[in-house]
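# Understanding the architecture of this molecule
Below are the chains, spelled out letter by letter.
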Amino acid sequence: MANIKSAKKRILVAETRAARNKAIRSKVKTMTKKVEAAVASKDKEAAKAALIAATATIESAATKGVYHKNNSARKVSRLAKLVNSMA
């Protein structure tokens, strides 16, 4: 365990940020699953609505520094491609 005050604070801050990042990542995964479920059920309108919501969540995560911007762009692109491939 750390003895120095600044080291103790770093531990607390790291735990706080890790919890925040974990919550944001979890939200992104949930939104992604909603898009994939809508595509699987062949409901184009629901898929488009879910895609818009998922895109906003993913871009927000990138803005907060949870994901790199290229990583978030890749995630959005893959979801958009999935929705657009529906006949």
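Bear in mind the structure is a predicted one, so any value in this text is a computation, not a measurement.

## Regarding the overall build of the protein
The helix and strand inventory of the protein stands at three helices and zero strands. For the protein, the α and β elements follow one another from N to C terminus as α-α-α. Considering only C-alpha atoms, the protein reaches an extent of 60 × 20 × 15 Å along its principal axes. Sequence separation of 24 or more characterises 60% of the internal contacts of the protein that already satisfy a separation of 6 or more. Summed over all atoms, the accessible surface of the protein reaches about 6,300 Å², with 57% contributed by carbon and sulfur. Taking the average place of the 21 positive charges on the side chains of the protein and the average place of its 5 negative ones, the gap between the two points comes to 11 Å.

## Here's the deal with the environment of Ala 38
As for its placement among the helices and strands, Ala 38 is situated in helix H1 (residues 5-40). Sequence separation between Ala 38 and Ala 49 is 11 residues, and the spatial gap between their C-alpha atoms is 9.4 Å. With sequence-adjacent residues up to four places away left out, Ala 38 is seen in contact with Asp 43, Ala 46, Ala 47 and Met 86.

## Some thoughts on H1
Think of an α-helix as turning once every 3.6 residues; residues three or four places apart then point the same way. If you check H1, its first and last C-alpha atoms are 53 Å apart, about what 36 residues at 1.5 Å a residue would give, namely 52 Å. Packed against the buried residues of H1 are helix H2 (44-63) and helix H3 (69-84). The positive-phi residue at the C-terminal boundary of H1 is Lys 42, with phi of around 60°.

## As for the packing of H1 against H2
Running from N to C, H1 and H2 point in directions that differ by 160°, and their axes come no closer than 9 Å. On the basis of the axis angle, H1 is roughly antiparallel to H2. As H1 packs across H2, the resulting crossing turns out to be left-handed. The segment H1 lies against H2, with Ile 24, Lys 27, Val 28, Met 31, Lys 34, Val 35, Ala 38 and Val 39 engaging Ala 46, Ala 47, Ala 50, Leu 51, Ala 53, Ala 54, Thr 57, Ile 58 and Ala 61.

## What to know about a positive patch on the surface
There is a patch of like positive charges on the surface, built from Lys 5, Lys 9, Arg 10, Arg 17, Arg 20 and Lys 64. Here Arg 17 is to be found in helix H1. Owing to a relative accessible area of 52%, Arg 17 belongs among the exposed residues under this scheme.

Conventions used here
Throughout, residues of each chain are indexed from 1 in the direction in which the sequence is written. Confidence filtering applies because this is a predicted model: local features only for residues at pLDDT of at least 70, side-chain atom pairs given and counted only at 80 or more, and all residues used for totals across whole chains, interfaces and linings. With hydrogens and water excluded, all non-hydrogen atoms of the structure serve as input to the side-chain values. Put simply, DSSP H or I for four residues or longer makes a helix, DSSP E for two residues or longer makes a strand, and each gets a number counted from the N terminus. Residue contacts follow a heavy-atom distance rule, with two residues in contact if any of their heavy atoms lie within 4.5 Å. All accessible areas in this document rest on Shrake-Rupley with a 1.4 Å probe, and a residue is counted as covered only by the protein chains that are shown. In this count, Lys and Arg are taken as positive residues and Asp and Glu as negative ones, while His and the chain termini are left out. Think of each charge as sitting on NZ of Lys, CZ of Arg, CG of Asp or CD of Glu. The length a helix should cover is 1.5 Å for every residue beyond the first. For helices, the fitted axis covers only the stretch in contact; all axes are lines through C-alpha atoms, and the angles between them, taken along N-to-C directions, range from 0 to 180 degrees. Here the word oblique covers every angle except those under 35 degrees (roughly parallel), over 145 (roughly antiparallel) and from 65 to 115 (roughly perpendicular). What makes a crossing left-handed is the near helix being turned counterclockwise from the far one by less than a right angle; a clockwise turn instead makes it right-handed. Residues enter patches when they are more than 30% accessible in relative terms and free of salt bridges; like-charged ones are connected within 9 Å and nonpolar ones (Val, Leu, Ile, Met, Phe, Trp, Tyr) within 5 Å. Whenever a carboxyl oxygen of Asp or Glu lies within 4 Å of a side-chain nitrogen of Lys or Arg, that contact is scored as a salt bridge. Categorising residues by exposure relies on relative accessible area from a 1.4 Å probe, with only protein chains included: less than 20% of the type maximum marks a residue as buried, more than 50% marks it as exposed, and the intermediate range marks it as partly exposed.

Spatial relationships are all this shows, so hold off on functional conclusions.
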